[in-house]
Amino acid sequence: MTRKPLHIGMTLAPTWLAGEAWRRPDSDIEGLLGHDYYIDIARRAEAAKLDFVFRPDSLALNRALLGRGTGMAGLDPTLLLSAIAHATDRIGLLTTVSTTFYPPYILARMIMSLHWLSKGRAGWNIVTALDGQKNFSLDVMPSPEDRYARAAEVTDIVLRLWNSFPREAWLGDRGTGVMVDADLVQQIDYEGQFHRIEGPLSIPNMGGGGHRIPLVQAGASDAGRNFAARVADATFASTPDMEAAIELRQDLRRRAKAHGRDEGAVRLMPGLSLYLADTEAQARDLYRATHALADEARKFANILEMTGLDLRDWPKDRPIRANDLPPPPAKVRSRTHAGLLRRAVERHEPTVTELLQMPEVMGSAHWQVIGTVAQAVDEIRKWQDAGALDGFILFPGGSVECMHLCLEGLCPALRDADLLRRDYHGTTFASHFEAGEVF
Ligand SMILES: Cc1cc2nc3c(=O)[nH]c(=O)nc-3n(C[C@H](O)[C@H](O)[C@H](O)COP(=O)(O)O)c2cc1C
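What you see is a predicted model; the values in this text were computed from it and never measured. (Residues numbered from 1 in each chain as written. Predicted model: local features only at pLDDT ≥ 70, side-chain atom pairs only at ≥ 80, totals over all residues. Heavy atoms only, no water.)

Participant: Requested: an account of helix α1 (residues 36-47), with residues and values cited.
Facilitator: Taking 1.5 Å as the rise per residue, α1 with 12 residues should run 16 Å; its terminal C-alpha atoms sit 16 Å apart, in good agreement. Listed in full, the buried residues belonging to α1 are Tyr 37, Tyr 38, Ile 39, Ile 41, Ala 42, Ala 45 and Glu 46. Where α1 is buried, its residues meet β1 (7-11), β2 (52-55), α2 (77-87) and α12 (400-416). (Helix = DSSP H or I, 4+ residues; strand = E, 2+ residues; numbered from the N terminus. Expected span 1.5 Å × (residues − 1). Buried < 20%, exposed > 50% of the residue type's maximum accessible area, 1.4 Å probe, protein only. Contact = heavy atoms within 4.5 Å.)

What follows is the structure in structure tokens.
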């Protein structure tokens, strides 16, 4: 059978050290602040022929998560990826940059620099950010509407800046003495709601087609979906179950068409949280050990913030009914995550204990597989056959060993099942994303 290979990315957020996993003897906490640690993972991901490595980002330290975790402390993603660029050849490098806080000229220049440094392998994960406003002279976070209006404007500006200095302008013609053809370099003279930008960018682009910079987007509210449908090559999504993924994928296909794009223009890539071991029982033990000391107070606080429901005094065995849910709070950090938690309560009416175990409560709400490599392959095939995805981003959990098993056990097994490419066809990130690539 001929299948379309999946597009697979690997997170560089060290999810395999989450919960209690970082306390295992082989977890190298010091390594998290250097590049060798990530270069090793990127090389393993490249050997597995994945589309890209991906680094999420936050522009604020989450003090509430310090002590038992890093609170999102870590290196700047674009700088980290430029070090990885030097140590790899083919794999895409997806950096996360917020349209809420970065000036668009700096953003455009930074990502185009990564693109040149990596010989065409940069990608931009466009986020509107969840917090950090107080580090940018703001008291309150701009509303979601405002953030998406900025995202649209900033993305438009960045694309224009990238096009303002075409590669062909860089002649370097010693004979005529023209190093750069000034006629081909254009100002953008942009006047929008938030920015006034003259341009052109001070770096040429690398050309279109296989040399363009892929755009990925995260955020699945109505505004987020419309934004993705208009500009994105892929959406990074939280879809805890197959139905949620099918709905989102079909909706994005519809919206992309309504924007005059190809139906498959926006690839749906859910996060896939994996706890893998030789047997299912061992995988379950790994999951349990990782989450043994999960912070209940934080979970209750998340539930309160996302739903308005204060469960702290509820008996643990009491089911939460759909009609226990108050109207959705007017202000939440992420409407996507708040919506997913609400949906989980409405669908399952779990007891308090059951709800506390659900991934939606921790705000990631990723699709989760706990089991063997073979079980993970079956589950991934099932989702592809059901039209629930175009690929996914690997989020290994539990241990460094599990992370290695994802790249060196699961990926070869996916290749054997014709779900993953056998080799790269091109050298750029966009070439990995190209449609119609079949075995
Ligand atoms: C799966 C997923 C991953 C995200 N990753 C990031 C991130 O790394 N950094 C960030 O600042 N915001 C991140 N966000 C936040 C979104 O960009 C967006 O600001 C937020 O979800 C609110 O948009 P919404 O109303 O469409 O949900 C992420 C959101 C989702 C759903």
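That was the structure; now back to the text.
Participant: Which residues make up the site of the ligand, and what values go with them?
Facilitator: In the vicinity of the ligand there are 19 residues, among which Asp 57, Thr 128, Tyr 148, Ser 221 and Thr 336 approach most closely. For the ligand, an oxygen atom lies 3.1 Å from a polar atom in the backbone of Ala 218. When the ligand sits alone it has 610 Å² of accessible area, and the protein chains cover 93% of it. Element by element, the count of residues in the shell around the ligand is highest for helix α9 (residues 335-348), at three residues. (Near = heavy atom within 4 Å. Polar contact = N/O pair within 3.5 Å; in protein donor to acceptor, adjacent residues only side chain to side chain. Areas by Shrake-Rupley, 256 points an atom, 1.4 Å probe, with all protein chains shown as cover.)

Participant: Please give an account of the packing of aromatic side chains that cites residues and values.
Facilitator: Each aromatic ring pair is characterised by the separation of its centres together with the angle its planes make. On inspection of all chains with the given rule, the structure shows 13 aromatic pairs. Geometrically, the ring pair formed by Phe 429 and Phe 433 is tilted, given 5.1 Å between the ring centres and 45° between the ring planes. Of the two residues, Phe 429 and Phe 433 both sit in helix α13 (residues 429-433), four residues apart, roughly one turn of that helix. Given the relative accessible area of 0%, Phe 429 is considered buried. What links up through ring pairs into an aromatic cluster is the set Phe 52, Phe 429 and Phe 433. Against the face of Phe 433 rests Arg 267, its NZ or CZ located 5.0 Å from the ring centre. One residue, Arg 318, lies across the ring of Trp 314, its end atom 3.8 Å from the ring centre. (Phe/Tyr/Trp six-rings, centres within 6.5 Å; stacked < 30°, edge-to-face > 60°. Lys NZ or Arg CZ within 6 Å of the ring centre and 35° of its normal.)

Participant: Requested: an account of α9, with residues and values cited.
Facilitator: Spanning 14 residues, α9 covers 20 Å between terminal C-alpha atoms, matching the ideal 20 Å at 1.5 Å per step. Within α9, the full set of buried residues consists of Thr 336, His 337, Ala 338, Leu 340, Leu 341, Arg 342, Ala 344 and Val 345. Where the residues of α9 are buried, they touch α8 (296-307) and α10 (352-357). Looking at the residues trailing α9, positive phi occurs at Glu 349, about 40°.

Function-wise, these values are silent; they only describe arrangement.
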